[in-house]
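Next come the chains, spelled out residue by residue.
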Amino acid sequence: MFSQEELESSDSQNDLPTTFSPTNPFGSISSNPFVNYSLNPFASDPQLSDESISQQNELATNSSAAVSCTNKKRKLDIEENSEANLKEIVERMEKIFIDKIEKLEFENRQLHDALNKKIDVIARNTARQNACIDELIAATRPRAGLYVREEDMFSPINSREDMDKLEENLKEIKYKEKLMHWLQPQVTRVDAENRLHDTIDLIFTRNFFATMNWTGISKTPGVHKIGLGNFKNIVSVFVDIGSNNNLVLDRKFVAQFLMKKLSHAKDRIKISDNKQTSCHVMKRQ
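Residues numbered from 1 in each chain as written. Predicted model: local features only at pLDDT ≥ 70, side-chain atom pairs only at ≥ 80, totals over all residues. Heavy atoms only, no water.

## A closer look at helix α3 (residues 160-169)
The criterion, for reference: Burial classes follow relative accessibility: with a 1.4 Å probe on protein chains only, a residue under 20% of its type's maximum area counts as buried, one over 50% as exposed, and anything between as partly exposed. Each helix is a run of H or I in the DSSP string that is no shorter than four residues. Each strand is a run of E no shorter than two, and both are numbered from the N terminus. Note that the arc is computed from the directions linking the helix axis to the C-beta atoms. Only heavy atoms matter for contacts: two residues are in contact if any of them lie within 4.5 Å across the pair.
Buried within α3 are the following residues: Met163, Leu166 and Glu167. Around the axis of α3, the buried residues are gathered within 100 degrees of arc, so they sit on the same side. Along α3, exposed side chains directed more than 90 degrees from the buried face belong to Glu161 and Lys165. Among the structural elements, α4 (173-183), α5 (192-203), α6 (206-209), β3 (212-213), β4 (226-227) and α7 (232-242) are those in contact with the buried residues of α3.

In structure tokens, the structure reads:
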């Protein structure tokens with residue numbers, strides 16, 4: 001154990017004067033080289049002047065301002081980058097939409113063109129059909145001024161007396177109109193040759209028609225024939241019935257046709273009356 005004197009000697013050696021400063025409010029023992037009680041890490045000497053403290057405070061302020069400026073700059077950079085990225089995304093989306101719209105417009109144009117072509121085909125076909133229908137209607141439609149058909153008003157001619165009587169009756173306009181309207185619904189074919197061909201079988205029996213020729217002059221001496229060309233009123237019936245709203249025949253055409261039929265009349269006798277015959281017509285190119 002130490003004596004009282006030794007302890008007091010030791011305390012007197014360690015009881016050194018304390019120095020206070022703004023950077024060390026608690027003071028420091030300056031005589032102890034191994035202990036530094038300074039609380040300022042920037043101070044090499046625990047005793048700092050006011051100018052040094054001011055400089056350090058200014059440095060800290062500048063450092064804080066620099067950090068704040070850097071943060072603001074980073075924030076601005078982030079905002080600019082975000083705005084640029086958003087703008088780029090919008091531009092890409094707009095390009096995608098524009099490409100899709102252009103593709104749809106192209107497909108719509110193709111569909112429109114295809115539809116127009118089909119409509120043109122339908123229109124042309126319809127025009128042809130209408131033309132054929134109009135031709136058929138015109139061929140079968142009674143000419144102006146004719147009356148409604150009267151049933152069983154006429155029987156085919158089978159003698160010279162019947163032929164003379166018909167020629168006389170045809171001088172009356174009303175009788176001819178009635179006869180024409182009796183014939184018209186029964187003559188339904190379009191071409192003139194077959195219309196005339198059908199009219200022959202409606203006006204004459206086949207046997208009586210074979211006894212006639214066009215002029216009435218026979219090749220056999222002493223034999224007299226009936227000249228169909230001398231019955232002008234009957235021939236005019238063929239002219240009218242062979243015509244339609246699209247075609248009007250003349251007497252010359254009808255005369256040539258009847259002369260040709262008269263030359264083959266005997267061959268037609270062998271054909272049954274119930275069988276409808278036709279006139280062979282060359283197809284027009």
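## Details of the packing of aromatic side chains
Defined as follows: Whether two aromatic rings pair depends on their centres lying within 6.5 Å, for rings of Phe, Tyr and Trp, where Trp uses its six-membered ring; planes under 30 degrees apart make the pair stacked, over 60 edge-to-face, and the rest tilted.
Per the counting criterion, the structure on display carries four aromatic pairs. Judged by centre distance (6.4 Å) and plane angle (10 degrees), the rings of phenylalanine 204 and phenylalanine 238 are stacked. Remark: phenylalanine 238 occurs in helix α7 and phenylalanine 204 occurs in the loop between α5 and α6; sequence separation between them is 34 residues. For phenylalanine 204, a relative accessible area of 1% gives the class buried. Residue classification places phenylalanine 238 among the buried residues on the basis of a relative accessible area of 0%.

## Quick notes on α4
Within α4, the full set of buried residues consists of Lys176, Glu177, Leu179, Met180, His181, Trp182 and Leu183. Buried residues along α4 sit against α3, α5 and α7.

## What about the packing of α4 against α7?
Test applied: Angular values range over 0 to 180 degrees, each being the angle between N-to-C directions of two axes fitted as lines to C-alpha atoms, with helices fitted over their stretch in contact. These descriptions rest on fixed angle ranges, namely under 35 degrees for roughly parallel, over 145 for roughly antiparallel, 65 to 115 for roughly perpendicular, and the rest for oblique. We call a crossing left-handed when the near helix sits turned anticlockwise from the far one by less than a right angle, and right-handed when that turn is clockwise. Ten residues, namely Ala, Val, Leu, Ile, Met, Phe, Trp, Tyr, Cys and Pro, are considered nonpolar, four, namely Asp, Glu, Lys and Arg, are considered charged, and the remaining ones, Gly among them, are considered polar.
Two numbers describe how α4 lies on α7: the axes approach to 11 Å, and their chain directions differ by 50 degrees. Judged by the inter-axis angle, α4 sits oblique to α7. The two elements α4 and α7 meet at a crossing, and its hand is right-handed. For the pair α4 and α7, the contacting residues are Lys176, Leu179, Met180 and Leu183 in the first and Ser236, Val237, Asp240 and Ile241 in the second. The class makeup of the residues in the contact of α4 with α7 is five nonpolar, one polar and two charged.

Everything listed here is a matter of coordinates, which is why it stays silent on function.
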